[in-house]
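Letter by letter, the chains look like this.
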Amino acid sequence: MLSIFVIIWVFLFLSGLVIFIYGFPAMIAVGPIPTSKKGIDKAVALAKIKPDEKFYELGCGEGRVLVQTVEKYDCYGVGYELVYPYYLLAKIRVKLSKKSKKIEVRCKNFFKADLQNADVIFCFLTPKLMQKIAKMLKEMKLKKGVRVVSYAFKINDMEPIEKIKHNKENWNIYLYKF
Ligand SMILES: C[S@@+](CC[C@H](N)C(=O)[O-])C[C@H]1O[C@@H](n2cnc3c(N)ncnc32)[C@H](O)[C@@H]1O
């Protein structure tokens, strides 16, 4: 009997440790700050998503933007999230969505993401990560004219094709074309 408890305890401890080590760098780098519903609406509207286009979110947190966007625009959604607890919350949110068949969440570093099919890429990260992502996108094989929406942080060496102010949080939202 005692050994079962020891095994369960060791299992829970080790899974906690793996979750912590795996997601800690992303948690430190960005944190889970979620976008407001109004902010999401404004940001995603910039990309003028058409039904069945493919919407990718880099760092999808607990999946709010991803699910809200697929439900509103009837597009396909793919979200990348490195922190396991957020990933699990995103999976639950997707399961509860009426559009769950059109949404996929991957627990994976977005720097290893396959973005070849993306029509629209959404990011709400940090200034530093945004520059790294821009570099990655420039070196990657992408569909021509992919729209990239960056919530709050610009890409330093690129002119956005549109820029709007999100007054509530006093942040800009940027739209780029690659
Ligand atoms: C500021 S939050 C934004 C969450 C969500 N996009 C939203 O707008 O509500 C950024 C998210 O990116 C995730 N993240 C940071 N670096 C990552 C990486 N390299 N790969 C995957 N996810 C990452 C963080 O864990 C966090 O959940």
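1. Digging into the environment of Pro160
Here Pro160 lies in the loop between strand E5 (147–151) and strand E6 (162–166). Sequence-wise, Pro160 and Val148 are twelve residues apart; in three dimensions their C-alpha atoms are separated by 9.4 Å.

2. Comments concerning the pattern of salt bridges
Within this structure, the stated rule accounts for twelve salt bridges. Close ionic contact of Glu53 with Arg147 constitutes a salt bridge, the shortest N to O distance being 2.8 Å. Separated by 94 residues along the polypeptide, Glu53 in the loop between helix H2 (37–46) and strand E1 (54–58) and Arg147 in strand E5 bring together distant segments of the chain. Both residues of the pair, Glu53 and Arg147, count as buried. Where Lys102 meets Asp74, a salt bridge forms, and the shortest distance between an N and an O atom there is 2.9 Å. Here Lys102 is found in the loop between helix H4 (84–96) and strand E3 (103–106), whereas its partner Asp74 is found in the loop between helix H3 (64–73) and strand E2 (76–80), with 28 residues between them in sequence. What makes Asp74 partly exposed here is its relative accessible area of 28%.

3. Quick look at the side chain of Gln68
With respect to the secondary-structure elements, Gln68 resides in helix H3. Setting aside its immediate chain neighbours within four residues, Gln68 contacts Lys37, Ile40 and Asp41.

4. Overview of unusual backbone geometry
A positive phi angle, near 45 degrees, is found at Lys48, a position not held by glycine. Residue placement: Lys48 occurs in the loop between H2 and E1. The backbone of Asp52 sits at a positive phi, close to 70 degrees, despite the residue not being glycine. If you trace the backbone, Asp52 turns up in the loop between H2 and E1. You can call Asp52 partly exposed: its relative accessible area is 41%.

5. What to know about the packing of aromatic side chains
Applying the stated criterion across every chain, the model contains eight aromatic pairs. A centroid spacing of 6.1 Å and a plane angle of 85 degrees characterise the contact between Tyr151 and Trp171, whose relative ring orientation is edge-to-face. Taken together, the positions of Tyr151 in strand E5 and Trp171 in strand E7 (residues 171–177) put the pair 20 residues apart, joining distant regions of the chain. Looking at Tyr151, the relative accessible area reads 0%, which means it is buried. Note on Trp171: relative accessible area 29%, which makes it partly exposed. Taken together, the aromatic side chains of Phe55, Phe122, Phe124, Tyr151 and Trp171 make up a single cluster linked through ring pairs. Above the face of the Tyr76 ring, Lys102 is positioned so that its terminal group lies 4.6 Å from the ring centre. We note Lys132 situated over the ring of Phe111; from NZ or CZ to the ring centre the distance is 5.0 Å.

The rules behind these values
- Just so you know, the residues in each chain are numbered from 1, in the order the chain's sequence is written.
- In keeping with the predicted nature of the model, local features appear solely for residues at pLDDT of at least 70, side-chain atom pairs appear and are counted solely at 80 or more, and the whole-chain, interface and lining totals rest on all residues.
- Hydrogens and water are ignored here; the side-chain numbers use all heavy atoms of the structure.
- The helix count covers DSSP runs of H or I at least four residues long, the strand count covers runs of E at least two residues long, and both are numbered beginning at the N terminus.
- Counted as salt bridges are all cases of a side-chain nitrogen of Lys or Arg within 4 Å of a carboxyl oxygen of Asp or Glu.
- Relative accessible area decides the class of each residue, using a 1.4 Å probe on protein chains only: under 20% of the type maximum gives buried, over 50% gives exposed, and in between gives partly exposed.
- By definition, residues are in contact when any of their heavy atoms lie within 4.5 Å.
- Each aromatic pair joins two rings of Phe, Tyr and Trp (for Trp, the six-membered one) with centres within 6.5 Å, and gets the label stacked for planes under 30 degrees apart, edge-to-face for over 60, and tilted for any other angle.
- Whether a charge sits over a ring depends on NZ of Lys or CZ of Arg being within 6 Å of the ring centre and within 35 degrees of the ring normal.

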